[in-house]
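Observations on the three-dimensional arrangement
The lines below spell out each chain.
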Amino acid sequence: MAKSTIRARARLKGDITTVKTLITHRMDSGRIKNKKTGKLIPIYFIKEVTCQHNGKTTVLAQWGPTISKNPYLSYQFTGGARGDTISISWLDNEGGKDSYSLKVK
Amino acid sequence: MQRRSFLKSTLAGSAIAVAVGAGLLQPRMVLAAAWPKSAFKAKTAQDAMSSLYGSAASMPSSEITIKAPDIAENGAVVPVAIHTTLSNVTNIGIIAEKNPLPMSANFEMAPNAKGYVSTRIKMAKTSSIIAIVVAGGKTYSARKEVKVTIGGCGG
């Protein structure tokens, strides 16, 4: 399997778990021209990112093409414990997807 | 295949828009159901807000803070963090007012999620970032002006 497009880290401090994630994705806005061909690069972006904690969705991010290339997302939640599973998955407008799981540190 | 799924999604999207228009569905329910296509296609901040949160009106709140640079040298990458001390937050939205497509992101928050999200957005030109927070069924907002030196949405 190819290397995951998602890098993430989850850290517990006090009772708050902070999750930070970076996704590798072109996030083309559909407005930029290919310099060689002069044609517009088609729109290609992540629509949805689902962030789960032990199988329950904590944050569901719905994005437009206005999110920067290689998106960064960070959020916090309460009720996490060390060793809990965080899973992050994304879906783009072309039907591409990827997911990644990690443990809270 | 792609065309088929595109048709399907546009049909589903318009059916939802009709249902919202008729007052059959609460915006909250629609969010759980599908990616809010009409909001992300909206050309103005007002249209995006009314299609996503049911109304273009929102109460300015001092309990929302937007952390973003005053001057962004590169509009392609503008870090934005929204923090709120409001309770019962169900949604956080980020809108870049003068972008060709202003709606940038909508975050649906579970009850145990803190009122905090951080991401990076593209901005075409100097404009206000509007943070929308839906808490306890009410819509609150805050604004912050970001000066953009080089636009990041292509020309």
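Residues numbered from 1 in each chain as written. Chains lettered and ligands numbered in written order. Predicted model: local features only at pLDDT ≥ 70, side-chain atom pairs only at ≥ 80, totals over all residues. Heavy atoms only, no water.

1. Points about the overall build of chain A
Counting secondary structure elements, chain A contains zero helices and seven strands. Each helix (α) and strand (β) of chain A, taken in turn from the N terminus, gives the series β-β-β-β-β-β-β. Sequence separation of 24 or more characterises 53% of the internal contacts of chain A that already satisfy a separation of 6 or more. Surface accessibility of chain A: about 5,700 Å² in total, with carbon and sulfur atoms responsible for 51%. (Helix = DSSP H or I, 4+ residues; strand = E, 2+ residues; numbered from the N terminus. Contact = heavy atoms within 4.5 Å. Areas by Shrake-Rupley, 256 points an atom, 1.4 Å probe, with all protein chains shown as cover.)

2. Re the interface of chain A and chain B
Of the residues lining the interface, 33 residues belong to chain A; the matching set on chain B comes to 33 residues. The largest contributions to the chain A side of the interface with chain B come from Arg31(A), Gln62(A) and Thr66(A), which together make up 26% of the buried area. Counting across the interface, chain A meets chain B through zero salt bridges. Our count for the contact surface shared by chain A and chain B stands at 18 residue pairs in polar contact (both at pLDDT 80 or more). Put simply, the parts of the chain that give the side of chain A that touches chain B at least two residues each are β2 (16-23), β3 (46-53), β4 (56-63) and β5 (72-78) of chain A. Of the residues that constitute the side of chain A that touches chain B, the class distribution is 15 nonpolar, 12 polar and six charged. Sheet topology note: the β5(A)/strand β7 (residues 113-121) of chain B ladder contains four bridges and is antiparallel. Within β7(B), the position partnered with Leu73(A) by the bridge is Thr119(B). (Buried area = accessible area lost by both parts, 1.4 Å probe. Salt bridge = Lys/Arg side-chain N within 4 Å of Asp/Glu carboxyl O. Polar contact = N/O pair within 3.5 Å; in protein donor to acceptor, adjacent residues only side chain to side chain. Nonpolar A, V, L, I, M, F, W, Y, C, P; charged D, E, K, R; others polar. Pairing = 2+ DSSP bridges.)

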